[in-house]
Amino acid sequence: MRLFYLTLVLTLIAAHSFANEITIKTDPIKLEKYDCTQANVIYLPTDFARPFIISKKDLKQLKSNKIHHVDLVYTSYKEAADFDQIGLNERKLEELKKLLPQINSDKPVISQYEQTGATIRSDAKAMFHGFVIHYGKDLTWQSKSEFFTSIQVPFSTIKINNETGGRVEYYTGSSIEIEPLAVVNKDGASIEGDYELYYREFRTQAEFIMSGLPMTLDENGIEKQFNSVGMYEIRAKKNGEEVFLKDDVIVNFQTTEILPDVSFFKMSEDGHWDAEFELDYDETDITFEEGSKYTLYSNEMLGKQVKLSKFRPAFKFGDVTFEGYSRIADKTKIDERQFYAILSSQSWRVFKALYDDKSSPLVDWVSDVNSEIKGMLLSREKSVDFIEMVLEFPIESIDKTDNEDGSTSYSVGDIGEKPGLRNLLGDEKIPPSPGLIRGLQSRGFGVFNCDQTRRIVEPLALSPTYFDEETGKQLEELYVASIVDLDMNAAFSFHPNHLVVNGNLNAKLVLFTRSKEIYIFDQSDFAKINTNENNVAMQLKNITGEVKNTRDLQKILNL
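## Overview of the overall build of the protein
Consideration 1: Looking only at helices and strands, one finds eleven helices and 39 strands in the protein.
Consideration 2: Considering the protein as a whole, with its 559 residues, one finds that 50% of them fall into the buried category.
Consideration 3: Across the protein, the fraction of contacts at a sequence separation of at least 24, relative to all contacts at a separation of at least 6, is 72%.

Structure, rendered in structure tokens:
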């Protein structure tokens, strides 16, 4: 079949007024020969003085996609010592912006690749010179969130009367306080009667991935990454119509970990984060009697009994550390048989539901139960049983079985959907809780973030080609790749053809195709990568059938 090409006359295309905003931002990546085998690319040769040409088919393909990256490829071979390669590259880029005005609006990353393998003219002429266009679907946070809707954390909803306002609690221990008449319609008039409040939190790497939210921040021209202690999204509607805040909503947020230098951020609808203020936690040492302290332990990893994120607070039971949202503290030197435990609001509700039934074995495991501080003395011998029965799970997941011998058995069933928001009664005070940040002023509905910011350590750029490890076939129709940095509580999204990872390669990769196939590249696989090569072949495992929600993915990530 004959291919018809459209040759564009450059002088007839008006350059956009902002065309000069796009520049070559990186130093050249030097390699012996450029060899791109990736999917979703278009080649634009620029050999010598020949004009750019692009097929109608390629133009149509680009029009329905976004240009994410452009590789400018040339050789280091020079016939004249004073040859101005930098100037030539800049002129070529200006010609490209005129040929493809879409470049100006998409604002892709421009990378230079300098081929060093040619020492004579014939070798240089045989190598590819020109642009390689990497394209794909738009990766705004809204489009990614829509893509992941069926498997991301769902909103919890509750009706709030605008005349009275309200205070509601989320299952993690976070709570939301809304003043009377705080909500208005698009015209600024107060809402009459009830409206629906929508709230959800993102706390784990899998939840970050499927939220679609960006986890990078431009700070004075320097790109930094978030290390998150939790995000939340809060919205409201009346009869399906979006409503707005006149007065700030107060959120008392239960974080996943206590870290220094954490700030509060709000995201604009175009995906940019703005820092609001630095955060202060509740006190983490609580004294109940003279000389006795309850000490918080965090970031300890345990691989048995309770398998939860290492980025959630961890607490010490004697010589064993357990992890989870629940707040457990170890009272030093009580005795060898028991210690004092302090529960989160969520775990306290589970505990009380079981403890109030006097046939529960919990009655024999605990003593000195104190409802004011949600604390109790707990038998060390029964600590693992206590954790499996009470911590982290909502009441609905506790199965009670009446045995034939008259005894009662309790077990943790399938956690199912996480419980939603509940009304708090009266002016009940929020008890002290390690990791709780009180009084976050949410100025308007939207997405908010409690995070540290860090610069990426020794970034390593990779241009992978992906293969199904079982079939050996190259993966095409790629959508988005997410890097999970194992040194942080975060996940970073990239167009699949260009990744940036921490130089120590302590990471995992989750890849999604447009047809919503899900693949994983493990930490052990990253360890085998030749870091001297930019283009790498990755053999990925298909995990599509194993992932129905974020908890499934977090379990597969083994975090």
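## Some words on the packing of aromatic side chains
Consideration 1: Tallied over the entire structure, the rule returns 16 aromatic pairs.
Consideration 2: For the pair Tyr 232 and Phe 448, a centre-to-centre distance of 5.2 Å together with 25° between the ring planes defines the contact as stacked. You can see Tyr 232 sitting in strand E14 (residues 222-238) and its partner Phe 448 sitting in strand E32 (residues 446-454), a full 216 residues away along the chain.
Consideration 3: Note on Phe 448: relative accessible area 0%, which makes it buried.
Consideration 4: Judged by centre distance (5.6 Å) and plane angle (10°), the rings of Phe 264 and Phe 448 are stacked. With Phe 264 in strand E18 (residues 263-267) and Phe 448 in strand E32, the pair connects residues that are 184 residues apart, well separated along the chain.
Consideration 5: Ring-pair connections join several aromatic residues into one group, and the members of that group are Tyr 170, Tyr 199, Tyr 232, Phe 253, Phe 264 and Phe 448.
Consideration 6: The ring of Tyr 198 carries the charged tip of Lys 237 above its face, separated from the ring centre by 5.9 Å.

## Observations regarding the side chain of Thr 513
Consideration 1: Counting through the fold element by element, Thr 513 comes out in strand E37 (residues 507-513).
Consideration 2: Non-local contacts of Thr 513, meaning those with residues more than four positions away in its chain, are made with Phe 147, Glu 476, Glu 477, Leu 478, Tyr 479 and Tyr 519.

## A closer look at the confidence of the model for the protein
Consideration 1: Of all residues in the protein, 72% have pLDDT values of 70 or greater, and the mean over the chain is 75.
Consideration 2: Between the elements of the protein, mean pLDDT differs from a low of 28, seen in strand E21 (residues 292-295), to a high of 96, seen in strand E38 (residues 518-521).
Consideration 3: In this model residues 1-20 is a low-confidence stretch, pLDDT under 50, and it forms 27 contacts with partners more than four residues away in sequence or in other chains.
Consideration 4: Within the model, pLDDT remains below 50 along residues 410-419, and this stretch shows 35 contacts once partners closer than five positions in the same chain are excluded.

Rules behind the numbers
Residues numbered from 1 in each chain as written. Predicted model: local features only at pLDDT ≥ 70, side-chain atom pairs only at ≥ 80, totals over all residues. Heavy atoms only, no water. Helix = DSSP H or I, 4+ residues; strand = E, 2+ residues; numbered from the N terminus. Buried < 20%, exposed > 50% of the residue type's maximum accessible area, 1.4 Å probe, protein only. Contact = heavy atoms within 4.5 Å. Phe/Tyr/Trp six-rings, centres within 6.5 Å; stacked < 30°, edge-to-face > 60°. Lys NZ or Arg CZ within 6 Å of the ring centre and 35° of its normal. pLDDT = per-residue confidence, 0-100.

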